[in-house]
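# Remarks on the overall topology
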Amino acid sequence: MTRTFLSALLLSAAAPAAAETVVVTADRMVDVLAGRVVEEPVIVITDGRIASVVGRGGARPVIPAGATRVDLPGKTLLPGLIDMHVHLDSNPRYGGYTGLQFTDQFWTVQGVANARSMLEAGFTTVRNVGSDNYSDVAYKQAIEEGLIRGPRIVPAAHSLGATGGHCDQTYLPPSYAARGKAVGDGPQELRTRVREQRKYGAEVIKVCATGGVFSRNTEPGQQQLSEEELRAIADEARQWGLRTAAHAHGAAGIKAAIRAGIDTIEHASLADEEGIRLAAQRKQPVWFSMDIFNTDYTQAEGKKNGVLEDNLRKDREVAQIQRDNFRRAHQAGVKMVFGSDAGVMPHGTAGGQFRTMVEYGMTPMEAIQAATRNAAQALGRERDVGAIAPGRFGDLIAVDGDPLRDVSALRDVDVVIKGGKVEKNEP
């Protein structure tokens, strides 16, 4: 190697790489932190993070030569959406026993398309609350390596639960010896399950506190883990710096999870007045994630997809109660996040839930904040996601019209930008 070439190589290595800058403009922008609309925003994204946000009347930013421009006249910008309850390796087309026709890894492979569907629906971040074979950890890694397209993923890996409970394997006879990978009985065994999931990539711990709708031989209202067991899970997770999410339909299980220190209550279908009061008043924040949209799909398509009648019966029984309790919880001041349970319905339709949230008591701004500002707070990711603000990732979506007048606009997202990269741009 010649001295001249070596010197050039060293100089090249020492020189900082040019920053990649993207400038996004639109007619208006929803500021979810201030709860207002910003007219004629100019958003500068540098190396994947937002450098500045200026509205009409503000000092125009200095835009570097060569910056990429994304001009969106007539559109409204919002932060990339966050869905706090998805299952990327589930597919609603295969219910009941119909999934047994496929090899085990089919579920991981088909989840690649589901991840892309969530991203193209405007969800630039999702929390995957339970998967088999650590598939959600694999999706996260593959997305970060640029091998597949999808949102930012907060993985839970395997869901914790009791023997014979909602998070156990309940569809097969004893001869198969089928057992959930994170099943545990008693506080110490469940602490071990927490450590195992964290060891292999979980960033949130999902636990089934009650029975469920789409499991076999469980009822949604049935508490399946004691408050002592739930507290052990919450304490162990907190020790490792992880947050917790409890599948909890029934009133007793909801209250036990709240008292135990669980961070988010999933479904919360049968919450009673005491449970709602506990959630609203707990000093350590607790969030309700209530999937009040997917029943429209499961009741219309479930039988055709092979869902067992017993599961459809449970779905019918809790659906309207859950929606009414969503209204009650919101009126009582319970903190709420957006959680669709995508996988029970097609992933690309998750945005349809905004309309249902407004129908049952939220303003359009509150519904949008549930999927942005609130979700970021519940994740502990307020520096990264959930708002169009300096320092956060350049995750933006754009829709036609004004979603604060008609939130149904979020069912059909036109533009998706993740980390400053345009992932979708439809006229």
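Summarised in this report is the structure supplied together with it. (Residues numbered from 1 in each chain as written. Predicted model: local features only at pLDDT ≥ 70, side-chain atom pairs only at ≥ 80, totals over all residues. Heavy atoms only, no water.)

## Considerations on the state of the cysteines
Going by this rule: Note on terminology: disulfide denotes any pair of cysteine sulfur atoms within 2.5 Å. Each helix is a run of DSSP H or I of at least 4 residues and each strand a run of E of at least 2, with the numbering of both proceeding from the N terminus. Relative accessibility thresholds used throughout: buried, under 20% of the residue-type maximum; exposed, over 50%; partly exposed, between the two (1.4 Å probe, protein chains only).
One pass over the structure, following the stated rule, counts one disulfide. Note on cysteine connectivity: C167 is disulfide-linked to C208, with sulfurs 1.8 Å apart. Here C167, found in the loop between β8 (152-155) and α4 (187-199), pairs with C208, found in strand β9 (residues 204-208); they are 41 residues apart in sequence, far enough to count as distant. With a relative accessible area of 1%, C208 lands in the buried category.

## Details of the nonpolar core
Note the threshold: To define a nonpolar core, start from buried Ala, Val, Leu, Ile, Met, Phe, Trp, Tyr and Cys residues and group those joined through side-chain atoms within 4.5 Å. By definition in these notes, contact holds between two residues if any of their heavy atoms fall within 4.5 Å.
With 75 residues, the main nonpolar core has F123, I265, F288 and F354 as its most contacted residues. The greatest single-element share of this core, amounting to five residues, is contributed by helix α6 (residues 251-260). When neighbours within four sequence positions are excluded, F123 is seen to be in contact with L81, I82, D83, M118, P151, F338, A350, G351 and F354.

## Notes on the environment of A182
Looking at the secondary structure, you find A182 in the loop between β8 and α4. For A182, a relative accessible area of 1% gives the class buried. Separated by 15 residues in sequence, A182 and Q197 have C-alpha atoms that sit 8.0 Å apart. Leave out the neighbours within four places in its chain, and A182 touches H158, S159, L160, G161, R193 and Q197.

## A few points about the sheet that holds strand β13 (residues 335-337)
Test applied: By definition, two strands form a pair when at least two bridges between them are found by DSSP. Helix axes are fitted only over the stretch in contact, all axes being lines through C-alpha atoms; the angle between N-to-C directions runs from 0 to 180 degrees.
Here we have five strands laid out as an open sheet, ordered β9-β10-β11-β12-β13, and parallel in their pairing. Either end of the sheet is taken by a strand with one partner, and the two such strands are β9 and β13. Strand-to-strand, the axes of this sheet are offset by a mean angle of 25°, without reference to chain direction. In the sheet, β9 pairs with strand β10 (residues 243-248) via five bridges, with the strands oriented parallel. Looking at β10, one finds that V204 is bridged to R243.

## Remarks on the sheet that holds β8
Ordered in space as β6-β7-β8, the three strands form an open sheet in which the pairing is parallel. Only two strands of the sheet have a single partner each, and these edge strands are β6 (81-86) and β8. With direction set aside, neighbouring strand axes in the sheet form an average angle of 15°. Two elements, strand β7 (residues 123-128) and β8, share four bridges in a ladder whose sense is parallel. Within the sheet, the bridge partner assigned to N128 lies in β8 and is P155. In the packing of helix α2 (residues 106-120) onto the sheet, the strands contacted are β6 and β7, and the crossing angle to β7 comes to about 130°. Sitting on the sheet, helix α3 (residues 135-144) is in contact with β7 and β8, with an inclination near 150° to β8.

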